[in-house]
Amino acid sequence: MFVYADHAATTQMSETAIAAMTEAMRTVWGNPSSLHTVGQEAKVALENAREEIATLLGATAKEITFTSGGSEADNQAIVSAAKLGAAKGKKHIVSTKFEHHAVLHTLNKLEKEGYEVTYLDVHENGLISPDEVKAAIRPDTALVTVMFANNEIGTLQPIREIGAVCRAAGVLFHTDAVQAVGHIAIDVVKDNIDLLSLSAHKFRGPKGVGVLYARRGIRLFNLIEGGAQERGKRAGTENIPAIVGMAAALKEAVENLEVNTAKITPLREKLITGLRKIPYSHLNGDRNHRVPGIVNFCFEGIEGESLLLLLDMKGIACSSGSACTSGSLDPSHVLLSLGIPHEVAHGSLRLSIDETNTEEQIDYILEAVPEVVAYLRKMSPVWEDLESGKRKHFFAE
């Protein structure tokens, strides 16, 4: 059996998105900046997609800028807010320790340019509180950036409440919503969001396209210079087929949100209940405040890369929390931020499912993971030390 359980990394495009893209490639292949009929037909398709996406987010079309994905949107949002703040003498930013690297690396760059960043600690359940954000805001704070849903452990932050705190303080609020859009209900107005980033391939749209929502009145600074596309804020001829495919995928995801959530959540709970039966295993992040499809576990005494590879041999595609695929032996910064020790964080596994997964597949995962964990522990000197009492277990059995 083959099981794809890595939807947090990327999703297979939906037939709806493929059909929309194919039709766009055949019929609206012009340059939307051209004044002739072929170009203007492409322009209509572009603006219809913009209007569709804006409506689905509770925004207006003029607040939507198309990007190459979530990373670019994160970069432009944070850099723009930082520059707006600096113009008013405000060079302080508030964020958290377990943001996506698209956010963290951008903040690191700004720190080298003289900005100060407060990185909030994350509780062991993977959550922060609005009061902690409020306490961190200073008179010189230009921006608060907190991710909507964590990409590794799936926990959902109280975004609406954090946004209200920022709004009351007169501070811009950005959220990296790449793992949230298409999976939970979002309304940028009701949720008090000033800037939001999303990426199409996380909700069964195409790769290489995303959106930056910026509330009307917020000036965006260019990352890419050139033509006057996207109201002069993002140069480069728009990828009409990808944008149309993204709009179709998001519309489908939002329209089926309740049905998909009702299907995915019981499968997720079955996964959690089954994996918890493995001795010295631990669910990372709050059990309830999470997106429907992401489950992240640590298993003491094993190494995540070996677990990942052996599961792949059994036909299960998933991911490890350790950054082995990037050439680094460092464990996940997300898990470390929860207070999990290095040696335990190395033994992590992320399973991310969606509406295409079945109960039969979940049963297969629950059969395979305990077998592989037991096999790896038999060969592990660390596990031997833990069982003999030379080392103390971190988690209770």
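Residues numbered from 1 in each chain as written. Predicted model: local features only at pLDDT ≥ 70, side-chain atom pairs only at ≥ 80, totals over all residues. Heavy atoms only, no water.

**Student:** Is there a simple way to think about the sheet that holds strand 5 (residues 141–145) in this case?
**Tutor:** Two strands in a sheet stick together by hydrogen bonds in their backbones, pointing the same way (parallel) or opposite ways (antiparallel). Pairing within the open sheet is mixed, and its seven strands lie in the order 2-8-7-6-5-3-4. Bordering the open sheet on either side are strand 2 (64–67) and strand 4 (116–120), each of which pairs with just one other strand. Strand-to-strand twist of the sheet, defined as the mean angle between neighbouring strand axes without regard to direction, takes the value 20°. Pairing geometry for strand 3 (residues 92–96) and strand 4, over five bridges, is parallel. Bridged to threonine 96 within strand 4 is leucine 120. Helix 3 (residues 70–86) contacts strand 2, strand 3, strand 5, strand 6 (172–176), strand 7 (195–199) and strand 8 (210–214) of the sheet and is inclined by roughly 165° relative to strand 7. Most of the contacts of helix 4 (residues 101–112) go to strand 4, to which it runs at about 145°, and overall it touches strand 3, strand 4, strand 5 and strand 6. (Pairing = 2+ DSSP bridges. Helix = DSSP H or I, 4+ residues; strand = E, 2+ residues; numbered from the N terminus. Axes fitted to C-alpha atoms, helices over the stretch in contact; angles between N-to-C directions. Contact = heavy atoms within 4.5 Å.)

**Student:** I'm lost on helix 7 (residues 240–255) in this one. Help?
**Tutor:** Because each turn of an α-helix spans 3.6 residues, side chains separated by three or four positions end up pointing in the same direction. Between the first and last C-alpha of helix 7 there are 22 Å, a value that for 16 residues agrees with the 22 Å anticipated at 1.5 Å per step. With twelve of its 16 residues buried, helix 7 lies for the most part within the structure. Within the sequence span of helix 7, burial applies to Ile240, Pro241, Ala242, Ile243, Val244, Gly245, Met246, Ala247, Ala248, Ala249, Leu250 and Ala253. Looking at the buried residues of helix 7, the elements they touch are helix 1 (15–27), helix 2 (37–57), strand 2, strand 7, strand 8 and helix 8 (257–275). (Expected span 1.5 Å × (residues − 1). Buried < 20%, exposed > 50% of the residue type's maximum accessible area, 1.4 Å probe, protein only.)

**Student:** It is not clear to me how the layout of surface pockets should be interpreted in this structure. Could you clarify?
**Tutor:** The calculated volume of the second largest pocket comes to roughly 350 Å³. As for the second largest pocket, its lining consists of 25 residues, and the residues nearest its centre are Gly182, His183, Ile264, Asp354 and Glu355. Of all the secondary structure elements, the ones that give two or more residues to the lining of the second largest pocket are helix 7 and helix 8. Element by element, the count of residues in the lining of the second largest pocket is highest for helix 8, at four residues. Here the residues of the lining of the second largest pocket sort into ten nonpolar, ten polar and five charged. (1 Å grid on protein atoms, 1.4 Å probe; cavity = no way out; pocket = protein on both sides within 12 Å on 5 of 7 lines; lining within 4 Å. Points joined across faces, edges and corners; volume = space filled by probe spheres on them. Nonpolar A, V, L, I, M, F, W, Y, C, P; charged D, E, K, R; others polar.)

**Student:** Sorry, what's going on with the packing of aromatic side chains here?
**Tutor:** Given two aromatic rings, their pairing is described by the distance between the two centres and the angle made by the two planes. Taken as a whole, this structure holds three aromatic pairs when the rule is applied. When the ring centre of tyrosine 115 is taken as origin, the NZ or CZ atom of lysine 91, which lies over that ring, is 4.6 Å away. For the cation-ring pair, arginine 377 lies above tryptophan 383, with the distance from its terminal atom to the ring centre recorded as 4.0 Å. (Phe/Tyr/Trp six-rings, centres within 6.5 Å; stacked < 30°, edge-to-face > 60°. Lys NZ or Arg CZ within 6 Å of the ring centre and 35° of its normal.)

These values are about where atoms sit, not about what they do.
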